[in-house]
Amino acid sequence: MLKFPHLIFSKARGYYCFMKIVWKNYIRYILEFNIIIIGVLLSFYLDDLRLDREKNEYKDTLVEELLIAAQQDLDQIEKIKVDLTQVNRFIEDLLLDIEDGEKDLTDKEIAEKYLFISNNMSTSFFPQNGTFNQLIATGSMELIDSKDFRRALLNNYTHYYERNNALNRSLDDLSLELVSNVDPKILVISGRGDSTTFIYTEAVLKSYEIDQKFYLSNLLRAYLMEISVYQNFYLDMLETFGKSYDSIIAFANDEIS
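A. Broad picture of the overall build of the chain. Looking only at helices and strands, one finds six helices and two strands in the chain. When the elements of the chain are put in sequence order from the N terminus, they spell out α-α-α-α-β-β-α-α. Within the span of the chain, comprising 257 residues, buried residues form 33% of the whole. When contacts within the chain are restricted to residue pairs at least 6 apart in sequence, those whose partners lie at least 24 apart make up 81%. Carbon and sulfur atoms make up 57% of the accessible area of the chain, which amounts to about 16200 Å² in all.

Laid out in structure tokens, this is it:
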């Protein structure tokens with residue numbers, strides 16, 4: 001063995017070089033693998049950021065649409081309140097007239113007031129809830145930062161919406177009762193005018209026939225009082241809706257600012 005020390009040294013050196021190459025390749029492979037993993041993870045991360053940005057942008061777009069719809073609904077509420085308040089005034093006029101058992105209003109005045117009452121007593125408010133439904137369906141509702149904003153939306157488009165529908169149904173049923181029990185006694189024939197109230201073309205009085213005995217009856221008085229009660233319920237409901245929309249508009253502006 002002592003005669004060939006250069007062979008031993010050569011083999012050791014060769015093994016050392018071989019292991020050095022192996023370790024270099026191994027480290028290179030590890031580094032390349034880590035770079036690939038980091039690249040994939042970074043790609044996923046950036047993709048998630050992009051998706052989050054797109055979702056938030058879509059949420060903001062929906063909130064902007066909701067803001068427009070809320071303002072339109074608020075304007076609708078104010079117009080309906082004007083008509084319903086006028087209905088109550090005309091009901092008070094008729095009740096005051098028949099309170100003493102004497103008719104002081106002319107038949108034409110009675111017909112005009114009753115025409116307005118019967119045509120507008122069941123004017124309904126229909127919230128534009130399409131954008132809210134999109135917020136729920138797309139999961140964008142969860143991206144809204146303010147808990148108070150989310151709560152206001154849920155109250156407005158679920159709880160208040162259901163109460164509004166219940167009142168609408170009650171007023172519709174009462175309106176049908178008038179058609180059956182009052183309209184034959186206070187017969188009012190109307191036509192289409194040139195102007196509009198809130199939604200429909202304003203009705204114009206054409207002819208009328210008033211049953212004097214029925215006009216002074218307790219039955220008519222009872223119907224008028226019942227209409228007034230429901231009108232006040234509905235005006236209270238619209239007042240609640242109005243405050244709710246004021247909050248929604250304020251929250252929406254904060255959300256997209």
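B. Summary view of helix H4 (residues 147–181). Its 35 residues place the ends of H4 50 Å apart at the C-alpha level, agreeing with the 51 Å of an ideal helix rising 1.5 Å per residue. Its maximal kink placed at Tyr-161, H4 deviates by approximately 35°. For H4, the N-terminal capping position is held by Ser-146, with its side-chain oxygen 3.3 Å away from the main-chain nitrogen of Asp-148.

C. Structural detail: the environment of Lys-113. Along the chain, the position of Lys-113 falls in helix H2 (residues 107–120). For Lys-113, a relative accessible area of 14% corresponds to the buried category. In sequence terms Lys-113 and Leu-94 are 19 residues apart; their C-alpha atoms lie 8.0 Å from each other.

D. Region of the structure containing the environment of Asp-104. Along the polypeptide, Asp-104 turns up in the loop between helix H1 (5–98) and H2. Taking the C-alpha atoms as reference, Asp-104 lies 9.7 Å from Leu-94; in sequence the two are 10 residues apart.

E. View of the nonpolar core. If you look at the biggest cluster of nonpolar residues, it comprises 30 residues, and the most contacted ones within it are Phe-125, Phe-149, Leu-153, Tyr-245 and Ile-248. Secondary-structure elements contributing two or more residues to this core are H1, helix H3 (130–137), H4 and helix H6 (218–256). In this structure, Leu-153 is in contact with Leu-66, Phe-132, Leu-135, Met-141, Ile-144 and Ile-248, ignoring residues within four places of it in sequence. The next biggest cluster of nonpolar side chains, apart from the first, holds 27 residues, and it includes Val-87, Leu-105, Leu-205 and Leu-224.

F. Local environment of the environment of Phe-251. Along the polypeptide, Phe-251 turns up in helix H6. Of the residues examined, Phe-251 reaches a relative accessible area of 24% and is grouped as partly exposed.

G. Region of the structure containing a nonpolar patch on the surface. On the surface, a cluster of nonpolar side chains totalling about 490 Å² of accessible area is made up of Tyr-26, Ile-27, Ile-30, Leu-31 and Ile-35. With respect to the element layout, Leu-31 can be found in helix H1.

H. Representation of the pattern of salt bridges. A complete count under the given rule lists eight salt bridges for this structure. Two residues, Glu-78 and Lys-81, come together in a salt bridge whose shortest N-O distance is 3.6 Å. With a gap of three residues between them, Glu-78 and Lys-81 both fall in helix H1, about one helical turn apart. The partner of Lys-81 in a salt bridge is Glu-239, with the nearest N and O atoms 3.0 Å apart. One end of the pair, Lys-81, is in helix H1; the other, Glu-239, is in helix H6, and 158 residues separate them in sequence. By relative accessible area, which is 18% here, Lys-81 ends up buried. For Glu-239, a relative accessible area of 37% gives the class partly exposed. Residues joined in a network through salt bridges with shared partners are Lys-59, Asp-60 and Glu-255.

I. Geometry of the packing of aromatic side chains. What the rule picks out here adds up to nine aromatic pairs. Feature note: the residues Phe-125, Phe-132, Tyr-157, Tyr-160, Phe-241 and Tyr-245 constitute an aromatic cluster, connected by ring pairs.

J. Geometry of H2. The terminal C-alpha atoms of H2, which comprises 14 residues, lie 20 Å apart, in line with the 20 Å expected from a rise of 1.5 Å per residue. Turning to H2, its buried residues number three or more, namely Ile-110, Ala-111, Lys-113, Tyr-114, Leu-115, Phe-116, Ile-117, Ser-118 and Asn-120.

K. Here's a closer look at the packing of H4 against H6. The N-to-C vectors of H4 and H6 enclose an angle of 160°; their axes lie 10 Å apart at closest approach. As the angle between them shows, H4 and H6 are arranged roughly antiparallel. In the crossing of H4 with H6, the sense of the turn from one axis to the other is left-handed. Grouping the amino acids of the contact of H4 with H6 by side-chain chemistry returns 21 nonpolar, eight polar and five charged.

L. Focus on a negative patch on the surface. Among the surface-exposed residues, Glu-99, Asp-100, Glu-102 and Asp-104 lie close enough to one another that they form a single negatively charged patch. With respect to the helices, strands and loops of the structure, Asp-100 is situated in the loop between H1 and H2. Owing to a relative accessible area of 51%, Asp-100 belongs among the exposed residues under this scheme.

Here is what the cut-offs are and how they apply
Residues numbered from 1 in each chain as written. Predicted model: local features only at pLDDT ≥ 70, side-chain atom pairs only at ≥ 80, totals over all residues. Heavy atoms only, no water. Helix = DSSP H or I, 4+ residues; strand = E, 2+ residues; numbered from the N terminus. Buried < 20%, exposed > 50% of the residue type's maximum accessible area, 1.4 Å probe, protein only. Contact = heavy atoms within 4.5 Å. Areas by Shrake-Rupley, 256 points an atom, 1.4 Å probe, with all protein chains shown as cover. Expected span 1.5 Å × (residues − 1). Bend = angle between axes of the 7 residues up to and from the residue. Polar contact = N/O pair within 3.5 Å; in protein donor to acceptor, adjacent residues only side chain to side chain. Core = buried A, V, L, I, M, F, W, Y, C linked by side-chain atoms within 4.5 Å. Patch = residues over 30% accessible without salt bridge, like charges linked within 9 Å, V, L, I, M, F, W, Y side chains within 5 Å. Salt bridge = Lys/Arg side-chain N within 4 Å of Asp/Glu carboxyl O. Phe/Tyr/Trp six-rings, centres within 6.5 Å; stacked < 30°, edge-to-face > 60°. Axes fitted to C-alpha atoms, helices over the stretch in contact; angles between N-to-C directions. Parallel < 35°, antiparallel > 145°, perpendicular 65-115°, else oblique. Left-handed = near helix turned anticlockwise from the far one by under 90°. Nonpolar A, V, L, I, M, F, W, Y, C, P; charged D, E, K, R; others polar. Lys, Arg positive; Asp, Glu negative; His and termini not counted. Charge placed at Lys NZ, Arg CZ, Asp CG, Glu CD.

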